[in-house]
Amino acid sequence: MSLAEATLRAPDASAGAVSAPSAHLRFDADFVRDPYPHYAALREAGPIHWTDALFNGAWVVTRHADVDAVLRDPGLSAQRTAGWVKRVDGGDRRSQAELRAFQHLFSRAMIFLDAPDHTRVRTVLGAGFHPARIRAQAPRVAEIVAARIAALGQRPRFDFMAEFARPVPSLVTCMLLGVDAADRQDFIAWSDDLAAFMSAPWPTLDQARAAQRSLLALKRYFDALLSARRKAPGEDLVSLLLAAEAEGLFRSDAELVAQCAMLLLAGHETTRNLLGNGLHALLDHPEQWKALIDDPALVPGAVRELLRYDSPVQYTGRRVIADSLVCGQRVRRGELVIALIGSANRDPDRYTDPDRLDIRRREPTHLSFGRGAHVCIGAGLALMQAEIAFASLLEHLPTLMLAGRAQQNGNAALRGLAALPVMQAQA
Ligand code: HEM
């Protein structure tokens, strides 16, 4: 079934779910362009809706309090990769068998594990993301940002995504992992392939094959890097993971490689979209950009508001472990529940005038880093990068303005821009 043909299944009336107008759950191009009016209609219509338009069918949870509860619910599992190879558009038994290597490897990534495996792996990675360790990277992040800004110099027009939002987080992620920055183009391409497959509601066979090829390329790369670091350990995260492996904290090399691939993907794809969506929102609201120039102390609060206003991660999923109730709706074992983070962040029950960008907002924080056991382990690093990046842009390129239409990346889950043309006044 194609995305366009996807329909809504009438929810089980006896269980009390509320049906949604089908137009609001299509996840098509119109939805991806501006999901927020659709989210508003969904929240209004009810807390939970069934759709066939996502991942072979899923329950979609729309309101802030419920999204928060779903993400904390120990009755829901993070293991959700099992259906991946089955939902490929145009796939058959042979392609399912072909793609199993991909599924086996990636399903070991921490983001898809439950306790006790999740707790074990998270404890190991947690050491690498300790706040003091992240703070110590600030000068190097500032150097990376300064070098990009210097390269932009007085260029009157440029694409912010190509020249800044893509390179900065990928260089920072390479630095964190101890990957040679010269290999970063390969990494960006591999991770783009993975992101496109994982977040597509109905991935094509070509997308699935590209993701598998890229994951295997990543595995080969990390296998080589791991063997080099075994001989000569460094200060990087890969060396830290190897020390944990030596203590028996990883079950296999594959488990270790899966964490590296996940970090690469989770680390730069999302931060890129925070920088791109964030700058777009600020330049679209020049009075807020001006307020930040006048008072740079507002930057940390502004970054949190930008995360709320246009979250780089719009939703994540969980599997039902046993028949139960979610938002009063009976859900069955094995069904998928989607927590609509982008909708929760605009819930009027939680935020005053939620569709307004307000860098001085003092309300409870967004759900853009998730909640509960799987809350983003890289949040501190992402915030630090974004604060350094926006502060430097405001200081050195204060005359930035939009220079045409932004081009979206077309991804409903990892919401971001493919291109953001900007210009600046000449000195
Ligand atoms: C603006 C940037 C970022 C956003 C919006 C973001 C968002 C998220 C969200 C929503 C989750 C929870 C997923 C779930 O519950 O299923 C998550 C988890 C995760 N994030 Fe981030 N993230 C960002 C940056 C980063 C960075 C920089 C890294 C690492 C370098 C990172 C690594 C991870 C990892 C490893 C997890 C899984 C945690 C676990 O399963 O315990 N993220 N992120």
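As shown above, the structure is provided for reference.
Residues numbered from 1 in each chain as written. Predicted model: local features only at pLDDT ≥ 70, side-chain atom pairs only at ≥ 80, totals over all residues.

A. Quick peek at the overall build of the protein chain. The number of helices and strands found in the protein chain is 18 helices and 12 strands. In terms of overall size, the protein chain behaves like a compact globule, its C-alpha atoms giving a radius of gyration of 21 Å where 427 residues would be expected to give roughly 22 Å. If one aligns the C-alpha atoms of the protein chain with their principal axes, the spans along those axes are about 65 × 55 × 35 Å. Relative to its 427 residues, the protein chain shows a buried fraction of 44%. Relative to all contacts within the protein chain whose residues are 6 or more apart in sequence, the contacts with residues 24 or more apart total 73%. (Helix = DSSP H or I, 4+ residues; strand = E, 2+ residues; numbered from the N terminus. Rg over C-alpha atoms; globule rule 2.2 N^0.38 Å. Buried ≥ 20, exposed ≤ 12 C-beta atoms within 10 Å, placed from the backbone. Contact = placed C-beta atoms within 7 Å.)

B. View of the site of the ligand. Around the ligand, the structure places 24 residues, and the nearest of them are Gly 267, Thr 270, Gly 370, Cys 376 and Gly 378. Every element with two or more residues in the shell around the ligand is listed here: helix H14 (253-284) and helix H18 (379-396). Its residues assigned to classes, the shell around the ligand comprises 14 nonpolar, 9 polar and 1 charged. (Near = placed C-beta within 6 Å. Nonpolar A, V, L, I, M, F, W, Y, C, P; charged D, E, K, R; others polar.)

C. Here's a closer look at the nonpolar core. Membership of the largest hydrophobic core comes to 113 residues, with the highest contact counts inside it found for Trp 59, Val 61, Ala 261, Val 337, Ile 338, Ala 339 and Leu 340. It is H14 that provides the largest number of residues to this core, a total of 13 residues. Residues in contact with Ile 338, not counting those within four places in the same chain, are Leu 54, Ala 58, Trp 59, Val 60, Val 61, Tyr 315 and Gly 317. (Core = buried A, V, L, I, M, F, W, Y, C linked by C-beta atoms within 7 Å.)

D. Layout of H18. Given a rise of 1.5 Å per residue, 18 residues ought to cover 26 Å, and the 25 Å separating the end C-alpha atoms of H18 matches this to within 8%. Those residues of H18 not exposed but buried are Leu 381, Ala 382, Met 384, Gln 385, Ala 386, Ile 388, Ala 389, Phe 390, Leu 393 and Leu 394. In the core, the buried residues of H18 are packed alongside helix H7 (131-135), helix H8 (138-152), helix H10 (167-177), H14, helix H15 (286-294) and helix H16 (299-309). (Expected span 1.5 Å × (residues − 1).)

E. Region of the structure containing the sheet that holds strand E12 (residues 421-423). Pairing is antiparallel across the open sheet formed by 3 strands, whose spatial order is E4-E12-E9. With partners counted over all chains shown, the strands left at the sheet margins are strand E4 (157-159) and strand E9 (401-402), one partner each. Pairing of E4 with E12, which is carried by 3 bridges, proceeds in the antiparallel orientation. By the bridge assignment, Asp 159 is partnered in E12 with Pro 421. (Pairing = 2+ DSSP bridges.)

F. Just the pairing of strand E2 (residues 58-61), in detail. Side chains Ala 58 and Val 60 of E2 all project onto a buried face; the interleaved residues Trp 59 and Val 61 project onto the opposite face, where all are buried too. In terms of strand pairing, strand E1 (residues 48-51) meets E2 through 4 bridges, oriented antiparallel. Across the sheet, the residue bridging to Ile 48 is Val 61, located in E2. With antiparallel pairing between neighbouring strands as the criterion, E1 and E2 make up a hairpin whose turn holds 6 residues, including Phe 55 at a positive phi of roughly 45°. In this structure, E2 lies alongside strand E8 (residues 336-339), joined through 3 bridges in parallel fashion. Note that in E8 the partner of Trp 59 across the bridge is Val 337.

G. Local environment of the sheet that holds strand E3 (residues 76-77). Pairing in this open sheet of 5 strands is mixed, and the strands run E1-E2-E8-E5-E3 from one edge to the other. In this open sheet, the two edge strands, each paired with only one partner strand, are E1 and E3. On the sheet, helix H3 (residues 64-72) packs against E2, E3, strand E5 (316-320) and E8 and is oriented at approximately 130° with respect to E8. (Axes fitted to C-alpha atoms, helices over the stretch in contact; angles between N-to-C directions.)

H. Spotlight on the packing of helix H11 (residues 184-199) against helix H12 (residues 205-231). In the contact formed by H11 and H12, the axes pass within 8 Å of each other and the chain directions differ by 140°. By the angle between their axes, H11 is oblique relative to H12. Handedness of the H11/H12 crossing: left-handed. Touching Trp 190, Asp 193, Leu 194, Ala 196 and Phe 197 of H11 are Gln 207, Ala 208, Ala 210, Ala 211, Ser 214, Leu 215, Ala 217 and Leu 218, all from H12. Of the residues in the contact of H11 with H12, the class split is 10 nonpolar, 2 polar and 1 charged. (Parallel < 35°, antiparallel > 145°, perpendicular 65-115°, else oblique. Left-handed = near helix turned anticlockwise from the far one by under 90°.)

I. Highlighting H16. Among the residues making up H16, those that are buried are Ala 302, Val 303, Glu 305, Leu 306, Leu 307, Arg 308 and Tyr 309. Buried residues along H16 sit in contact with H14, H15 and H18.

J. Just unusual backbone geometry, in detail. Backbone torsion omega between Ala 115 and Pro 116 reads 5°, so that peptide bond is classified as cis. Within the chain, Cys 327 stands out as a residue other than glycine whose phi angle is a positive 50°. Relative to the elements of secondary structure, Cys 327 occurs in the loop between strand E6 (324-326) and strand E7 (329-331). Residue Cys 327 is classed as buried on the basis of its 22 C-beta neighbours within 10 Å. Not every positive phi belongs to a glycine, and Asp 353 is a case in point at roughly 45°. Relative to the helices and strands, Asp 353 resides in the loop between helix H17 (341-344) and H18. By the C-beta count within 10 Å, which is 9 here, Asp 353 ends up exposed.

K. Summary view of the pairing of E5. Of all 5 residues in E5, 4 are buried; the element is thus mostly enclosed. Relative to E5, E3 is paired through 2 bridges, and the arrangement is antiparallel. Pairing of Leu 76 across the sheet is with Val 320, part of E5. Relative to E8, E5 runs antiparallel, the two being bridged by 4 bridges. If you follow Arg 318 over to E8, its bridge partner there is Val 337.

L. Structural context of the environment of Pro 286. Tracing the chain through its elements places Pro 286 in helix H15. Among the residues examined, Pro 286 registers 12 C-beta atoms within 10 Å and is labelled exposed. For the pair Pro 286 and Leu 393, spaced 107 residues apart in sequence, the C-alpha separation works out to 14 Å.

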